[in-house]
Amino acid sequence: MVEAQSWTTRRSSNPRLETSVDIPTTPTGEVRYGTSNNIFAALSVTSIVSPTILTTLIIASWYLSNIGVLILNKYLLSYYGFRYPIFLTMLHMISCTFYSLIAIRWFQIVPFQQILSRKQFFKIFALSAIFCFSVVCGNTSLRYLPVSFNQAIGATTPFFTAIFAFLITCKKESAEVYFALMPVVFGIVLASNSEPLFHLFGFLVCVGSTAGRALKSVVQGLLLTSDSEKLHSMNLLLYMAPMAAAILLPFTLYIEGNVFAKTLEKAKGDSFMVFLLIGNATVAYLVNLTNFLVTKHTSALTLQVLGNAKAAVAAVVSVLIFRNPVTAMGISGFAVTIMGVVLYSEARKRSKVTVH
């Protein structure tokens, strides 16, 4: 649920449309990560599985985990009766801490990086606070909004990224880039006006989640700037996840009451709930792992394209599963927003080529 280091914005337990902030030419996995003799590298030897098949399996896993965590979150919070989005997010963070330790310290999928200073620690803690806000708002919105509409709102991330980049860093984009953002906003306005299950509070917290994700992307680029402070996305997740869990603990106890006792009591008479919670938390970590693997075996540009398509696929799958009503106007609004995101990405690439 942590973005790729500097160019990919993504969501932990509530993954949405990934937004390219900066797309450099992506070196091969061997150049970036070396050829370490770890268990994870041994599993990807091309003599066992061809590169094409391996890449296809990784992309399929990325789609399944991203869409799967959305569907599971929606099912738990809206249909199953587990109405504790803050506690659910905290479980995701605990899960990400546990699995990150295994992946980095045991399987050594990336070199382990340590926090080198108190200043770096507090910078990561600040990012964790923004991360908590974004993920909790995203999960809360799923209680009130269908996944399809949730994904449509999430597609507006580039709009908020451009706003925060201008307000915080005074970074101005070209007129073409700002013009490309117009259909992003227009599409979501169109979809909102025609959404049969529109809920004002759900809409507001979903917008807050999208804005929080964009803010984290901009702030991360400002805080972790020096080479000594930059962390690989998987190491950043290793440190952010326990910090986020610690931040969420007092909030879940104050807002959601004695949620631990309520969960344990319900689990005694419903073992399936335990399976759902563990599975949901595991899939939440797999979102981050597969995001890293897709970038490693393809490129950041490929991840961006896949992200654009993923939002649409997630919306279609959710409609097929939950049977929530949709309108032609809502579908059109979603399509316009996705088109705007594609235009925005292309405009960003052209503006960078012009600058360089």
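Residues numbered from 1 in each chain as written. Predicted model: local features only at pLDDT ≥ 70, side-chain atom pairs only at ≥ 80, totals over all residues. Heavy atoms only, no water.

*Asks:* Sorry, what's going on with the nonpolar core here?
*Replies:* Across soluble globular proteins, nonpolar side chains show a tendency to be buried alongside one another. Formed by 61 residues in total, the largest nonpolar core has its most connected members in Phe82 and Met234. Within the residue set of this core, elements represented by two or more residues are helix H3 (51-79), helix H4 (85-106), helix H5 (118-144), helix H10 (233-255), helix H11 (259-269), helix H12 (271-297) and helix H13 (300-322). Sorting elements by how many residues they give to this core places H10 first, with 12 residues. Counting 21 residues, the second largest nonpolar core, distinct from the first, contains Ala155, Ala162, Val177 and Ile188. (Core = buried A, V, L, I, M, F, W, Y, C linked by side-chain atoms within 4.5 Å. Buried < 20%, exposed > 50% of the residue type's maximum accessible area, 1.4 Å probe, protein only. Helix = DSSP H or I, 4+ residues; strand = E, 2+ residues; numbered from the N terminus.)

*Asks:* I keep staring at the pattern of salt bridges and nothing clicks. Help me out?
*Replies:* Any two side chains of opposite charge can pair, so long as their charged atoms come close to each other. Using the criterion set out here, one finds 4 salt bridges in the structure. Between glutamate 229 and lysine 123 there is a salt bridge, with its nearest N and O atoms 2.9 Å apart. Taken together, the positions of glutamate 229 in the loop between helix H9 (200-223) and H10 and lysine 123 in helix H5 put the pair 106 residues apart, joining distant regions of the chain. Given a relative accessible area of 15%, lysine 123 falls into the buried group. Lysine 349 is paired through a salt bridge with glutamate 346; the nearest N and O atoms lie 3.0 Å apart. On the criterion of helical spacing, the pair formed by lysine 349 and glutamate 346 is a turn pair, its members being 3 residues apart in helix H14 (residues 328-355). Looking at lysine 349, the relative accessible area reads 27%, which means it is partly exposed. (Salt bridge = Lys/Arg side-chain N within 4 Å of Asp/Glu carboxyl O.)

*Asks:* When you look at unusual backbone geometry in this model, what are you seeing that I'm missing?
*Replies:* In terms of backbone geometry, most residues other than glycine have negative phi values and most peptide bonds are trans. One non-glycine residue, cysteine 170, adopts positive backbone phi at about 60°. With respect to the helices and strands, cysteine 170 occurs in the loop between helix H7 (157-169) and helix H8 (175-193). A positive phi angle is found at arginine 323, which is not glycine, with a value near 60°. Relative to the assigned elements, arginine 323 resides in the loop between H13 and H14.

*Asks:* How do you make sense of a nonpolar patch on the surface when you look at a structure like this?
*Replies:* Together, Ile163, Phe166, Leu167, Ile168, Tyr178 and Leu222 make up a nonpolar patch on the protein surface, roughly 510 Å² of accessible area in all. If you trace the backbone, phenylalanine 166 turns up in helix H7. A relative accessible area of 37% means that phenylalanine 166 is categorised as partly exposed. (Patch = residues over 30% accessible without salt bridge, like charges linked within 9 Å, V, L, I, M, F, W, Y side chains within 5 Å. Areas by Shrake-Rupley, 256 points an atom, 1.4 Å probe, with all protein chains shown as cover.)

*Asks:* I'm lost on the packing of aromatic side chains in this one. Help?
*Replies:* Ring pairs (aromatic) are described by centroid distance and by the angle formed between their planes. Within the structure shown, the criterion is met by 18 aromatic pairs. Arranged with centres 4.9 Å apart and planes meeting at 35°, the rings of tryptophan 106 and phenylalanine 107 form a pair that is tilted. Three or more aromatic residues joined by ring pairs form one cluster here, namely Tyr75, Tyr80, Phe272 and Phe275. Looking at arginine 105, its charged tip hangs above the ring of phenylalanine 112, at a distance of 4.2 Å from the centre. (Phe/Tyr/Trp six-rings, centres within 6.5 Å; stacked < 30°, edge-to-face > 60°. Lys NZ or Arg CZ within 6 Å of the ring centre and 35° of its normal.)

*Asks:* How should I be thinking about helix H6 (residues 147-154) in this particular structure?
*Replies:* Since the α-helix packs 3.6 residues into each turn, any two residues three or four apart lie on the same face. Summarising burial for H6: 8 of the 8 residues are buried, a large majority. Of the positions making up H6, those classed as buried are Val147, Ser148, Phe149, Asn150, Gln151, Ala152, Ile153 and Gly154.

*Asks:* Please clarify how the packing of H3 against H5 should be interpreted in this entry.
*Replies:* Between two packed helices, the angle of one axis relative to the other and the distance separating the axes together describe the packing. Contact pair H3 / H5: the axes reach a minimum separation of 8 Å and the direction vectors enclose 60°. Considering the angle they form, H3 stands oblique to H5. Of the two possible hands of crossing, H3 and H5 adopt the one that is right-handed. Residues Leu70, Asn73, Lys74, Leu77 and Ser78 of H3 touch H5, and the partners they reach there are Asn139, Leu142 and Arg143. (Axes fitted to C-alpha atoms, helices over the stretch in contact; angles between N-to-C directions. Parallel < 35°, antiparallel > 145°, perpendicular 65-115°, else oblique. Left-handed = near helix turned anticlockwise from the far one by under 90°. Contact = heavy atoms within 4.5 Å.)

Everything listed here is a matter of coordinates, which is why it stays silent on function.
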